[in-house]
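Each chain, letter by letter, is given below.
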Amino acid sequence: FPSSSKSVTKNELESLQKFLYDRCKTEKEKFIDTHQKKLIKLNHGPVGQDYEHLKTKLVHNISSYNLTLEEERLLCRGWNFCIENKLTNFIDFKTDMELNAYKIQKSCHANVFTTLCRKLNNYSDIFMKAVKNKKIRNISDDEFNANKSLKNNKNIIICRADKGNAIVVIDKIDYINKMNDILKRKQFKSAKESILKEKEKFMNKYILKLHNDKVIDKETYWKIHATGSSYATMYGQPKIHKSNYPVRPIISSIGSYIHDLSKYLYDIIRNNRPSKSFSYVRDSFEFVKKVTGITTSLNQTMVSFDVDNLYTNVPVHEAIEITVNMLFKTTKSPNIIYTRSQFKELLTIAVCDIPFRFFDKIYTQVDGVAMGSPLGPILADLFMSNLEQKLNRFSTNKPLTWIRY
């Protein structure tokens with residue numbers, strides 16, 4: 001400023017600051033717009049994600065919490081986005097890893113927890129070496145702070161939607177209430193804490209008997225034998241395409257005593273299944289192809305049915321009987337080393353009365369098959385296929401075409 005005897009008033013200073021701010025903001029917008037046009041020209045199209053268009057499809061906030069623009073933008077990056085963070089304090093990083101590991105100690109067997117800690121320590125060392133010279137992170141500072149804010153918010157649950165790759169933000173209390181309503185159904189009941197060891201011991205005892213009777217070899221024995229297993233875990237995925245956002249219960253058997261046995265039995269059933277159901281279609285394209293190929297559709301009506309909670313409503317013992325009848329219909333397949341009774345017993349162990357946890361409570365599923373078990377989809381499919389075969393017995397009102405997908 002030129003020298004003057006007159007001092008600058010507070011109002012004049014504020015006006016000057018506002019003028020400079022507005023001028024800088026205008027220049028910045030012009031600068032960003034110019035370079036954005038250059039990038040679009042070089043890329044022969046739009047660059048990056050259109051968050052304003054995508055956020056309504058990718059992020060569904062049904063909670064009482066209002067997401068900030070930065071939190072919304074971060075969530076719009078999707079489930080597969082990995083945050084590459086600047087790492088400056090390696091001691092704090094190792095401390096955080098150890099503290100997070102101890103949070104899951106209650107849910108793990110001692111042997112599993114020891115193995116997990118050892119692997120976390122090894123991977124932490126590898127990660128620290130990789131990022132030692134890293135100067136930048138792949139998200140803005142605002143998004144980084146938004147990530148911290150979401151992580152520290154204990155009143156919401158961020159989960160995957162039932163269909164698609166969308167993200168759902170729901171109040172924790174609503175999520176727990178919806179899951180508790182499901183757990184009140186007849187298919188579930190509370191269980192005692194010691195049930196896991198009892199179930200694992202019973203399964204291992206039967207598998208050992210099969211090994212001692214020379215039914216299975218040593219390799220198969222160790223493949224399906226369980227040691228230091230954890231409870232299966234129940235969680236819910238909100239159905240964003242339905243009103244009131246009901247949740248689909250998933251019981252993940254990964255790490256449980258029946259997971260390896262279930263995968264083993266699934267392979268046997270899949271490889272020895274005679275054929276797919278007559279109603280089977282691979283995807284929506286095949287469905288359209290079949291429907292457009294119908295030429296005698298005059299005076300016919302297309303009707304769509306939906307099985308409500310198919311997996312939990314499948315009568316599990318009937319599904320096991322249907323599966324065993326299919327595999328041992330005539331003579332035993334040369335690829336199946338078990339007798340009918342032995343295979344039925346293994347299936348019963350793998351899918352009946354499976355203990356699981358939801359938060360800090362223990363339950364068992366006394367009927368239905370678990371969505372999350374390797375055996376769930378194929379047992380549900382065989383049950384539906386058996387039901388559909390009865391359609392051919394209709395003397396009147398027989399469906400012209402029946403397709404299931």
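Computed from a predicted model, the values in this text were never measured in an experiment.

Moving on, we get to the pattern of salt bridges. For the coordinates displayed, the defined rule picks out 19 salt bridges. A salt bridge links E27 to R23; the nearest nitrogen and oxygen atoms lie 3.7 Å apart. Here E27 and its partner R23 are both found in helix α1 (residues 10-43), four residues apart, which amounts to about one turn of the helix. Residue class for E27 comes out partly exposed when judged on its relative accessible area of 37%. R270 is the salt-bridge partner of D267, the closest N and O atoms lying 3.4 Å from each other. Within this pair, D267 and its partner R270 are both found in helix α10 (residues 259-272), separated by three residues, close to a single helical turn. A single salt-bridge network, built from bridges that share partners, covers R273, D381, E388 and R404.

Let's shift gears to the layout of surface pockets. The calculated volume of the largest pocket comes to roughly 1800 Å³. Lining the largest pocket are 43 residues, with F305, W402, I403, R404 and Y405 sitting closest to its centre. Of all the secondary-structure elements, those providing two or more residues to the lining of the largest pocket are α10, α11 (284-292), α12 (310-313) and α15 (376-388). Among the elements that take part in the lining of the largest pocket, α15 stands out by supplying six residues, more than any other. Across the lining of the largest pocket, the residue classes tally to 22 nonpolar, eight polar and 13 charged. Of the volumes computed, that of the second largest pocket is approximately 1400 Å³. Together, 43 residues line the second largest pocket, and I104, I157, T233, R357 and F359 are the ones closest to its centre. Taken together, the elements giving at least two residues each to the lining of the second largest pocket come down to α3 (69-75), α6 (141-152), β2 (156-160), α7 (172-183), α8 (195-212), β5 (232-238) and β7 (354-358). Its residues assigned to classes, the lining of the second largest pocket shows 21 nonpolar, 11 polar and 11 charged.

Our next topic: empty space enclosed by the protein. Following the criterion strictly, the structure yields two cavities of 30 Å³ or more and no others. Its boundaries defined by the atoms lining it, the largest cavity holds a volume of some 100 Å³. Lining of the largest cavity is provided by 14 residues; of these, I258, A350, I354, A370 and S373 occupy positions nearest its centre. For the lining of the largest cavity, the class distribution of residues is nine nonpolar, five polar and no charged. Here the second largest cavity defines a volume of roughly 50 Å³. Lining the second largest cavity are R248, P249, N309, L310, Y311, T312 and M371. Only β6 (247-252) and α12 provide two or more residues apiece to the lining of the second largest cavity. In terms of residue count, the dominant contributor to the lining of the second largest cavity is α12 (three residues). Per-class residue counts for the lining of the second largest cavity are four nonpolar, two polar and one charged.

Further remarks concern the side chain of T323. Considering the arrangement of structural elements, one finds T323 in helix α13 (residues 316-327). The exposure class of T323 is buried, given its relative accessible area of 0%. Polar side-chain contacts of T323 include one of 2.8 Å to the backbone oxygen of A319. In this view, T323 contacts I269, L347, L379 and L382; residues no more than four positions away in its chain are not counted.

Conventions and cut-offs
- Residues numbered from 1 in each chain as written.
- Predicted model: local features only at pLDDT ≥ 70, side-chain atom pairs only at ≥ 80, totals over all residues.
- Heavy atoms only, no water.
- Salt bridge = Lys/Arg side-chain N within 4 Å of Asp/Glu carboxyl O.
- Helix = DSSP H or I, 4+ residues; strand = E, 2+ residues; numbered from the N terminus.
- Buried < 20%, exposed > 50% of the residue type's maximum accessible area, 1.4 Å probe, protein only.
- 1 Å grid on protein atoms, 1.4 Å probe; cavity = no way out; pocket = protein on both sides within 12 Å on 5 of 7 lines; lining within 4 Å.
- Points joined across faces, edges and corners; volume = space filled by probe spheres on them.
- Nonpolar A, V, L, I, M, F, W, Y, C, P; charged D, E, K, R; others polar.
- Polar contact = N/O pair within 3.5 Å; in protein donor to acceptor, adjacent residues only side chain to side chain.
- Contact = heavy atoms within 4.5 Å.

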